Amino acid sequence: MTGRRSSNKRSAAVAVGLSAVTGSCVFGAVVGTTLASWQDEESSATSFAAGTFETQSQGDGGEWAHHAAGSSASLGAEIADLAPGGNASAPSAGQSHYSSFRVRTSSDSSRSGKVRVSDLAVDGALARVLEFRVFDAGGDRSCAAAAAGPGTVFLVGGPQDYQQVSSDVTSGTGMTIGAFGSDPAELCLELRIAAPADSNSGDEAQGASAAAVLTVAVAQN
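Residues numbered from 1 in each chain as written. Predicted model: local features only at pLDDT ≥ 70, side-chain atom pairs only at ≥ 80, totals over all residues. Heavy atoms only, no water.

1. What about the overall build of the chain?
Item 1. Looking only at helices and strands, the chain features 1 helix and 11 strands.
Item 2. By residue count, 29% of the 221 residues in the chain fall in the buried class.
Item 3. In the chain, the proportion of contacts linking residues at least 24 apart, taken out of those at least 6 apart, comes to 77%.
Item 4. Carbon together with sulfur atoms contributes 51% to the accessible area of the chain, which is approximately 13,900 Å² in total. (Helix = DSSP H or I, 4+ residues; strand = E, 2+ residues; numbered from the N terminus. Buried < 20%, exposed > 50% of the residue type's maximum accessible area, 1.4 Å probe, protein only. Contact = heavy atoms within 4.5 Å. Areas by Shrake-Rupley, 256 points an atom, 1.4 Å probe, with all protein chains shown as cover.)

Okay, structure coming up:
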């Protein structure tokens, strides 16, 4: 009887030990789940709106408006009686004629811009004998010969340089115009008959007429 009791005690001790091990395994699994990383989120929001960019121009005595191709602003009265200067032995360029032209952004344009001359188109025979330059006539200057002096900013040509109408326009200099119609560019187009070459009688240009269209390109800043 004594031996049997001892055997039962040993069996009970083993059973308790297994139960303790099993319990520790279950407890460990529960602790692992409880200690998982907590997570939360924060968010922010904003709205976007594109700016606006539109230009307007004004010719000689005209109103401010957007003048696209085909609806050009007027550069003034017709220029008549164009001719070269000098004489057969000492030819020179003819008298200069001046036309003013202004460019600005519209009143609701939120972006400023940079103005450059992109083209002067003249049709007919006169295109081969005309030369021109374009300069800044803003501030205290006016669109006249006196304005094309020292310190003048030339968009096309220079103090002593003119460009042939029939060639591609070279305009490396630009003028800045402000947003919302501020700081308009005051441009002056000077046009004249170039000094003829010795062998050029001018027969093809005499009595001819033509229309000139000055085009400027304005890129937003």
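2. Overview of unusual backbone geometry
Item 1. Although it is not a glycine, Phe180 adopts a positive phi angle of roughly 55°.
Item 2. For Phe180, the location among the structural elements is in the loop between strand S9 (175–177) and strand S10 (185–193).
Item 3. Exposure remark for Phe180: the relative accessible area of 51% places this residue in the exposed category.
Item 4. Phi at Asp183 takes a positive value of approximately 50°, unusual for a residue other than glycine.
Item 5. Relative to the helices and strands, Asp183 resides in the loop between S9 and S10.
Item 6. A relative accessible area of 55% means that Asp183 is categorised as exposed.

3. Quick look at the environment of Glu186
Item 1. Along the polypeptide, Glu186 turns up in strand S10.
Item 2. On the basis of relative accessible area, Glu186 is assigned to the partly exposed category, the value being 25%.
Item 3. Taking the C-alpha atoms as reference points, Glu186 and Ala137, separated by 49 residues in sequence, lie 5.2 Å from one another.
Item 4. Excluding anything up to four places from it in sequence, Glu186 contacts Phe101, Arg102, Phe135, Asp136, Ala137, Gly138 and Met175.

4. Some words on the layout of surface pockets
Item 1. If you add up the space inside the second largest pocket, you get close to 360 Å³.
Item 2. Surrounding the second largest pocket, 20 residues form its lining, Ser57, His67, Phe101, Leu214 and Thr215 being those nearest its centre.
Item 3. Sorting the residues of the lining of the second largest pocket by element identifies strand S1 (55–58), strand S4 (97–105) and strand S11 (212–220) as the ones contributing at least two each.
Item 4. It is S11 that contributes the most residues to the lining of the second largest pocket, 6 residues altogether.
Item 5. Classifying every residue of the lining of the second largest pocket by side-chain character gives 12 nonpolar, 8 polar and no charged. (1 Å grid on protein atoms, 1.4 Å probe; cavity = no way out; pocket = protein on both sides within 12 Å on 5 of 7 lines; lining within 4 Å. Points joined across faces, edges and corners; volume = space filled by probe spheres on them. Nonpolar A, V, L, I, M, F, W, Y, C, P; charged D, E, K, R; others polar.)

5. Some remarks on the sheet that holds S9
Paired through their backbone hydrogen bonds, the strands of a sheet run either parallel or antiparallel.
Item 1. One open sheet holds the 3 strands; their spatial order is S9-S5-S11, and the pairing between them is antiparallel. Lying at the two open borders of the sheet, with one neighbouring strand each, are S9 and S11. Put simply, the sheet's adjacent strands are angled 40° from each other on average, direction ignored.
Item 2. Here 3 bridges tie strand S5 (residues 113–122) to S9, and the two strands are oriented antiparallel to one another. (Pairing = 2+ DSSP bridges. Axes fitted to C-alpha atoms, helices over the stretch in contact; angles between N-to-C directions.)

6. Focus: the nonpolar core
Item 1. Within the largest apolar cluster, 28 residues are counted, with the highest numbers of intra-cluster contacts made by Phe132, Val134 and Leu187.
Item 2. For this core, the secondary-structure elements that each account for two or more residues are S4, S5, strand S6 (130–136), strand S7 (154–156), S9, S10 and S11.
Item 3. Considering every element that reaches this core, the biggest residue donor is S10, with 5 residues.
Item 4. Grouped together as the second largest cluster of nonpolar side chains are 6 residues, Phe135, Ala148, Phe154 and Cys188 included. (Core = buried A, V, L, I, M, F, W, Y, C linked by side-chain atoms within 4.5 Å.)

7. So, the side chain of Gln56
Item 1. Relative to the helices and strands, Gln56 is located in strand S1.
Item 2. By relative accessible area, Gln56 is classed as buried at 17%.
Item 3. Leave out the neighbours within four places in its chain, and Gln56 touches Trp64, Ala65, His66, Arg102, Val103, Arg104, Thr105 and Ser106.

8. As for the pairing of S10
Item 1. Of all 9 residues in S10, 8 are buried, a share of seventy percent or more.
Item 2. In the sheet, S4 pairs with S10 via 7 bridges, with the strands oriented antiparallel. Following the sheet pairing, His97 is matched in S10 by Leu191.

9. Observations concerning the side chain of Glu131
Item 1. Checked against the element boundaries, Glu131 lands in strand S6.
Item 2. A distance of 2.6 Å separates polar atoms of two side chains, one belonging to Glu131 and the other to Arg192. (Polar contact = N/O pair within 3.5 Å; in protein donor to acceptor, adjacent residues only side chain to side chain.)

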